[in-house]
Amino acid sequence: MNNRNCGILLPISSLPGPTNIGTLGKDARRFVDFLAETRQRYWQILPLGPTGYGNSPYQCYSAFAGNPLLIDPLELVADKLLQNADLTNIPVSSSQKIDYIKAEASQNILLQKAYLHFQDNFHRFKDDYYSFLGQHSWWLDDYALFRALKEENETQSWTDWLPERSQRQSQCMQALMHEHASAINFHRFTQFLFFKQWFALKSYAEAKQVQFIGDVPLYVSHDSADVWANPDIFLLDESGKPTLVGGVPPDYFSETGQLWGNPVFNWPRLHERNYDWWMARIHFNLQMFSLVRIDHFRGLESFWAIPAESETAILGEWMPAHGYEVFSMLKNQLGELPIIAEDLGLITPEVIRLRESFQLPGMKVLQFAFSSDEKNDALPHNISTDFVMYTGTHDNDTTLGWLKQASKHERKMMRRYVLAGNRSPVYRLIETAWASVAQTAIIPLQDLLQLNSSARMNTPGTVGNNWDWRFDWKSLKKEHRTFLKHITVKYNRQQK
C-alpha cells in the first residue's frame, strides 16, 4: 500500500438482490461499479465462511470453505445448472433484513437441483472441476466429510459423535468416505460453485481497479472441520472439548469482557509443525484477497485464555503466542506482507513492537477518538501514516447511532475537532477520516448512507439481531456518490 487510498466496508451478505441474502452475482458487480465510479480502491468485506449458530461470520464451520448461501442462483441459470422456472418459487422475505432461515431452505433446494444438472452435464465442467479438486483437496476433503457427518447427526457438535468418528480413527474414516460419498460430493460441488463465482467477481473488480480486503478471524469455531481435523494444534481435553477458550477481558464493549468460546491455539505444537496450518491459512487468503485484515491481532503476541467452564471473560490469564515466528516465516516467503493488523482494545508495547517489526498498518476508529482529550491516540493529529482510519467497524454502532448516544463530553470534543462546514456531523466525520494522514481510510456503507442504529451490523457479546442488515439500491443516491467522489479527489485518495 504505497499511495493514499480509501474504500467501503460492506459484507457480501448485505448486498441487495432478489433472494433472501446478498450474493456474488450481478449486485456485487454493480457495487464494484459504484466503487470504481467514486474512485475507491478497496472493498472491505467480512469473512466468507459457512456460518453456524448465530450466523456470525466469525464462527464458521471452516477457515477455508465459502458460504454456499452467497452463491448466486442467477449465475447458475447462466451456467445452465438451473432454469428460470426453478427460481420462481423461492420464498423471499418482505423485510430488507437477511432472512437466514428462508435463505438456507431455498438455497439448499436450488443447489440440490443444480447438482443433478451438474452430474448430467459433467463433461462441460470436468476439467475445471478436477482442477479445483486438485488445488483444494487438502482442506476440502475434511470439510465435505465434516458437513456430511453433521447432517447425519442433526448438526450435533463433533465431540458428541461416536468416538471413532470424533477421534477420526483411520479405518472408520475410510469407511465413512465411501458411505457418505454422495453427500461429500455435493459439498465439494457447492464449494466449486462458490469459488468459481468468487474468482469471477474478483477478476471483474480487478479490471475496474478495485481490490478486496479480506478478513481472517484469529480463532476458528470449535465446531469446525479445522478443529476436528487438527485437534493437536488446539488446547483440548481427551474428549476434544476446549480446556481454555478465547475472548478479551473487560473493555470498551463490555464490563464483563467478551467470552467467545473458541478454542485457543496450542502454540508449542504449532511450532513443532512449523506453523503449517497458519502458513496455509494466510497463503490461501492472499490468493483470495489483495489485502488481509487479521482480526484480534493482539492475540498473536499474547492471548486472554479463559477456563472453558467460565460464564464471563473476567477470569482469565494472558498466555504467550508465537506471532513473531509466524510473521518471520511469512516474510521470508512473501517479502512485504499485505496484512492489516486489527490492533484495537488493550494494546501493550509488545503488541506494537510485533506490528511495527513487520511494517503492518494498524487500525484507528474515530468513534473512539473523543472520549478523553487532545492526547487521544485515535485523533488524526496523533496518528502516523501506517494506519487504516475508520469511522467505525462492523462491531460499532453506525456513526449516526453513536452520535445520538455519545456523552456530552464526546459531542463537545467532536464539535471542537472535526472539520467545520455545513455538512451533517456524520459527513464531517467521514471527511475528517479522509483528510487524515492515514494511508488508508475506510467507512462502513451505513455511514455513507447516514443510517441510524437499526442498521448496526453487530453488537459484541450478544446473540440474535446481528449480521442481518442489507441495503437497498434506492437508498444509495446521487448525493452520496457525489460526496464520496468529491472528498476522495479532494484528499488525494483516488485510484491512480
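Scroll up to find the structure this text is about.
Keep in mind that this is a model prediction, so the values were computed, not measured.

When its secondary structure is counted, the protein chain shows 18 helices and twelve strands. Here the protein chain has a C-alpha radius of gyration of 23 Å; the compact-globule value for 496 residues is 23 Å, and the two agree. The principal-axis extents of the C-alpha atoms in the protein chain amount to approximately 70 × 55 × 40 Å. Going through the 496 residues of the protein chain one by one, you find that 57% of them count as buried. A separation of at least 24 residues holds for 73% of the contacts in the protein chain among residues at least 6 apart in sequence. Total accessible area on the protein chain stands at roughly 21300 Å², and carbon and sulfur atoms take up 49% of it. The distance from the centre of the 49 positive side-chain charges to the centre of the 54 negative ones in the protein chain is 11 Å.

Quick look at helix α11 (residues 276–288) now. In this model, α11 (13 residues) spans 18 Å end to end at C-alpha, consistent with the 18 Å of a helix rising 1.5 Å per residue. Burial in α11 covers these residues: Trp277, Trp278, Met279, Arg281, Ile282, Phe284, Asn285, Leu286 and Met288.

Right, let's talk about the side chain of histidine 222 for a bit. The residue histidine 222 is located in the loop between β3 (211–216) and α9 (225–229) in this model. Among the residues examined, histidine 222 registers a relative accessible area of 14% and is labelled buried. Reaching out from histidine 222, the side chain makes a polar contact with the backbone oxygen of glycine 240 at a distance of 2.8 Å. Leave out the neighbours within four places in its chain, and histidine 222 touches Ser157, Trp158, Thr159, Val227, Leu236, Gly240, Lys241, Pro242 and Pro263.

Pairing within the open sheet is parallel, and its eight strands lie in the order β9-β6-β3-β2-β1-β12-β11-β10. On the outer flanks of this sheet lie β9 (339–341) and β10 (362–365), each paired with one strand and no other. Across the sheet, the mean angle separating the axes of adjacent strands is 25 degrees when strand polarity is ignored. In terms of strand pairing, strand β6 (residues 291–294) meets β9 through three bridges, oriented parallel. When the sheet's bridge partners are listed, isoleucine 294 is paired in β9 with alanine 341.

Tallied over the entire structure, the rule returns 55 aromatic pairs. Seen from the ring of tryptophan 473, arginine 30 lies directly overhead, with NZ or CZ sitting 4.1 Å from the centre. A cation over a ring is seen here: arginine 168 above tryptophan 228, with NZ or CZ 4.4 Å from the ring centre.

A few words on the pairing of strand β11 (residues 387–390). Here β11 shows a buried face lined by Phe387 and Met389 and a second buried face lined by Val388 and Tyr390. Across four bridges, β10 lies against β11 in parallel orientation. The residue bridging methionine 363 from the neighbouring strand is valine 388, located in β11. Relative to strand β12 (residues 440–444), β11 runs parallel, the two being bridged by three bridges. Looking at the pairing, methionine 389 lines up with alanine 441 of β12.

Here the focus is the layout of surface pockets. Taken as a whole, the second largest pocket spans an internal volume of roughly 560 Å³. For the second largest pocket, the lining is made up of 23 residues, of which Thr51, Tyr61, Leu69, Glu104 and Arg147 are closest to its centre. For the lining of the second largest pocket, the elements supplying multiple residues, two or more each, are α4 (100–120), α5 (122–152) and α8 (181–207). It is α4 that provides the largest number of residues to the lining of the second largest pocket, a total of seven residues. Looking at the lining of the second largest pocket, its residues break down into nine nonpolar, ten polar and four charged.

Within the structure shown, the criterion is met by 26 salt bridges. For glutamate 206, the salt bridge identified is with lysine 202, shortest N-O distance 2.9 Å. With glutamate 206 and lysine 202 both in helix α8 and four residues apart, the pair spans about one turn of that helix. The residue glutamate 374 makes a salt bridge to lysine 375 at a minimum N-O spacing of 3.9 Å.

A few words on the packing of α4 against α5. Helices that pack against each other are described as a pair by the angle of their axes relative to one another and the distance between those axes. For the pair α4 and α5, the least separation of the axes is 6 Å and the interaxial angle reads 95 degrees. As far as their axial angle goes, α5 and α4 are roughly perpendicular. Across the interface between the two elements, Phe118, Gln119 and Asp120 of α4 pack against Phe122, Phe125 and Tyr129 of α5. Its residues assigned to classes, the contact of α4 with α5 comprises four nonpolar, one polar and one charged.

Attention now goes to empty space enclosed by the protein. A full pass over the atoms with the stated rule returns six cavities of 30 Å³ or more. When its volume is computed, the largest cavity comes out at roughly 270 Å³. Lining the largest cavity are 26 residues, and of these Pro47, Leu48, Gly49, Ser62 and Ala63 sit closest to its centre. Of all the elements in the fold, those that place two or more residues in the lining of the largest cavity are α8, β3 and α11. Considering each element in turn, the lining of the largest cavity owes the most residues, four residues, to α11. Residue composition of the lining of the largest cavity, by class: 18 nonpolar, five polar and three charged. Each pocket or cavity is described by its volume, and for the second largest cavity that value is around 160 Å³. Lining the second largest cavity are 16 residues; nearest its centre among them are Ser13, Pro47, Pro57, Asn67 and Tyr100. By residue class, the composition of the lining of the second largest cavity is eleven nonpolar, five polar and no charged.

Rules behind the numbers
- Residues numbered from 1 in each chain as written.
- Predicted model: local features only at pLDDT ≥ 70, side-chain atom pairs only at ≥ 80, totals over all residues.
- Heavy atoms only, no water.
- Helix = DSSP H or I, 4+ residues; strand = E, 2+ residues; numbered from the N terminus.
- Rg over C-alpha atoms; globule rule 2.2 N^0.38 Å.
- Buried < 20%, exposed > 50% of the residue type's maximum accessible area, 1.4 Å probe, protein only.
- Contact = heavy atoms within 4.5 Å.
- Areas by Shrake-Rupley, 256 points an atom, 1.4 Å probe, with all protein chains shown as cover.
- Lys, Arg positive; Asp, Glu negative; His and termini not counted.
- Charge placed at Lys NZ, Arg CZ, Asp CG, Glu CD.
- Expected span 1.5 Å × (residues − 1).
- Polar contact = N/O pair within 3.5 Å; in protein donor to acceptor, adjacent residues only side chain to side chain.
- Pairing = 2+ DSSP bridges.
- Axes fitted to C-alpha atoms, helices over the stretch in contact; angles between N-to-C directions.
- Phe/Tyr/Trp six-rings, centres within 6.5 Å; stacked < 30°, edge-to-face > 60°.
- Lys NZ or Arg CZ within 6 Å of the ring centre and 35° of its normal.
- 1 Å grid on protein atoms, 1.4 Å probe; cavity = no way out; pocket = protein on both sides within 12 Å on 5 of 7 lines; lining within 4 Å.
- Points joined across faces, edges and corners; volume = space filled by probe spheres on them.
- Nonpolar A, V, L, I, M, F, W, Y, C, P; charged D, E, K, R; others polar.
- Salt bridge = Lys/Arg side-chain N within 4 Å of Asp/Glu carboxyl O.
- Parallel < 35°, antiparallel > 145°, perpendicular 65-115°, else oblique.

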